[in-house]
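Each chain, written out:
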Amino acid sequence: MRVVADLGASHGWRLQRAVLDDGREVFAKIAVDSEVFASEVSSSGAFSAEAAGLRWLGEAIAVPEVIEAGPDRLVLSWVAEEAPGAVAAERFGRSLARLHRAGAGSFGAPWPGFIAELPMDNSPVAGWPEFYGSRRVLPFLRQARLPARDVAVVERAVERFAEVAGPPEPPARIHGDLWSGNVLWSGGSGVLIDPAAHGGHRETDLAMLALFGLPYLDRVLGAYQEEWPLAEGWRRRVPLHQLHPLLVHVVLYGGGYRDALMNAVRRVLAL
């Protein structure tokens, strides 16, 4: 593999654009600092989990091909990007609905979970409110170093999850970390990268897209609704699904995200 461009670093990995001996252009993540991982996991665990998630999502939507998932690197096919547009956004919205509808065997996944370098418990749970509280929100709340009064408010919101989660839905096949940077526009649609894939609630992916913005998001949502309409009240539940990514940002980047988190918590308590 011949490196043609160094793309910088992210979460303890070097990012590279390279060419294989057979001429294929690839994207590579190279582990450079194992200390960013918790003691019980390794970069190879994160790489294998990402590869498993990509292959699983790739059964239903466009993702890069996994070429190699080794102990110190992950190599994927290169995605040639293009400018987003309304037609591509609508195509992506329909594809995302079909991905979610492909479903999962449970809330959780048979591989370990990671979001950035942070491990997540993907052990299956029967219902989504319990899964979301016990596997996503509470573990990161314990890591967030928030004041005790904030912790108590978040815990009150968790106690209400079953009440405010909306109509029960079967496990959806979700990306799990679907901010705009993990959608590459290519081939007239969106291509998903860097997943935290698992069986979850489909509203989670849509709430994540809304959290940090996506070009033509209104077109994405409109096409999604045509393909597989969302349950009544889904817009009111957006803050519920944003609690986990906001907690992750508090853990990774500090208290600058505390106000956004607590605002979302208050909106959940008001449902």
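Residues numbered from 1 in each chain as written. Predicted model: local features only at pLDDT ≥ 70, side-chain atom pairs only at ≥ 80, totals over all residues. Heavy atoms only, no water.

Q: Account for the overall build of the protein chain, with residues named and values stated.
A: Helix and strand counts for the protein chain come out as nine helices and eleven strands. For 271 residues, the compact-globule formula gives about 18 Å, and the C-alpha radius of gyration of the protein chain, at 18 Å, lands near that figure. Principal-axis analysis of the C-alpha atoms places the extent of the protein chain at approximately 55 × 45 × 35 Å. Within the protein chain, contacts between residues separated by at least 24 positions form 66% of all contacts whose residues are at least 6 apart in sequence. Surface exposure of the protein chain reaches about 12,000 Å², of which carbon and sulfur atoms provide 50%. (Helix = DSSP H or I, 4+ residues; strand = E, 2+ residues; numbered from the N terminus. Rg over C-alpha atoms; globule rule 2.2 N^0.38 Å. Contact = heavy atoms within 4.5 Å. Areas by Shrake-Rupley, 256 points an atom, 1.4 Å probe, with all protein chains shown as cover.)

Q: Before we move on, can you summarise the packing of aromatic side chains with the specific residues and values?
A: This structure, assessed with the given rule, holds six aromatic pairs. Ring geometry for Phe92 and Trp185: centres 5.8 Å apart, planes at 75°, overall edge-to-face. Of this pair, Phe92 sits in helix α2 (residues 86-102) while Trp185 sits in strand β9 (residues 183-186); the two residues are 93 residues apart in sequence, bridging distant segments of the chain. Between Trp128 and Tyr132, the aromatic rings sit 4.6 Å apart at their centres with planes inclined by 20°, giving stacked as the arrangement. (Phe/Tyr/Trp six-rings, centres within 6.5 Å; stacked < 30°, edge-to-face > 60°.)

Q: Would you mind going over the side chain of Gln242 in detail, with residue names and values included?
A: As for its placement among the helices and strands, Gln242 is situated in helix α8 (residues 238-253). Here Gln242 is in contact with Tyr132, Ala207, Ala210 and Leu211, once residues within four sequence places are set aside.

Q: Requested: an account of unusual backbone geometry, with residues and values cited.
A: Although it is not a glycine, Arg145 adopts a positive phi angle of roughly 55°. Relative to the helices and strands, Arg145 resides in the loop between α3 (128-143) and α4 (148-159). Positioned with a positive phi, Tyr216 is a non-glycine residue whose angle comes to about 60°. On the secondary structure map, Tyr216 appears in the loop between α6 (202-212) and α7 (217-227).

Q: An account of the nonpolar core is needed here, citing residue identities and associated values.
A: With 40 residues, the main nonpolar core has Phe92, Leu96, Val183, Leu209 and Leu214 as its most contacted residues. Sort the elements by how many residues they give to this core and helix α1 (residues 43-57) lands first, with seven residues. Within the second largest apolar cluster, 32 residues are counted, among which are Val125, Leu141, Ala144 and Ala157. (Core = buried A, V, L, I, M, F, W, Y, C linked by side-chain atoms within 4.5 Å. Buried < 20%, exposed > 50% of the residue type's maximum accessible area, 1.4 Å probe, protein only.)

Q: Tell me about the environment of Val87, and please be specific about residues and values.
A: Structurally, Val87 can be placed in helix α2. For Val87, a relative accessible area of 54% corresponds to the exposed category. The spacing of Val87 and Val220 is 133 residues in sequence and 9.2 Å in space, taken between C-alpha atoms.

Q: Please set out the pairing of strand β1 (residues 2-10) residue by residue, giving values where relevant.
A: A regular strand carries its side chains on alternate faces of the sheet. Bridging between β1 and strand β2 (residues 13-19) involves six bridges; their strand directions are antiparallel. Across the sheet, the residue bridging to Asp6 is Gln16, located in β2. The turn joining β1 and β2, which pair antiparallel and follow one another in sequence, is formed by two residues; a positive phi near 55° is taken by His11. (Pairing = 2+ DSSP bridges.)

Q: Mind laying out the packing of α6 against α8, listing which residues take part and the relevant values?
A: Taken N-terminus to C-terminus, the directions of α6 and α8 make an angle of 65°; their axes are 8 Å apart at the nearest point. Seen along the crossing, α6 lies across α8 with a hand that is right-handed. Two secondary-structure elements touch here, α6 through Glu203, Thr204, Ala207, Met208, Ala210, Leu211 and Phe212 and α8 through Val238, His241, Gln242, Pro245, Leu246 and His249. For the contact of α6 with α8, the per-class residue count stands at eight nonpolar, four polar and one charged. (Axes fitted to C-alpha atoms, helices over the stretch in contact; angles between N-to-C directions. Left-handed = near helix turned anticlockwise from the far one by under 90°. Nonpolar A, V, L, I, M, F, W, Y, C, P; charged D, E, K, R; others polar.)

Q: Describe the sheet that holds strand β4 (residues 66-69), and please don't skip the residues or the numbers.
A: The five strands lie next to each other as β1-β2-β3-β5-β4, forming an open sheet whose pairing is antiparallel. Two strands in the sheet have a free side with no partner beyond their single neighbour: β1 and β4. Ignoring strand direction, the axes of neighbouring strands in this sheet form an average angle of 15°. Alignment of β2 against strand β3 (residues 25-31), held across seven bridges, turns out to be antiparallel. What sits directly across from Val19, in β3, is Glu25.

Q: Now, about α6: what can you tell me, with residues and values included?
A: Buried residues dominate α6, accounting for eight of its eleven residues. Within α6 the residues assigned to the buried category are Arg202, Glu203, Thr204, Asp205, Leu206, Ala207, Met208 and Leu209. Remark: Gly213 follows α6 within two positions and exhibits a positive phi of approximately 85°.

Read these as spatial facts, not as claims about activity.
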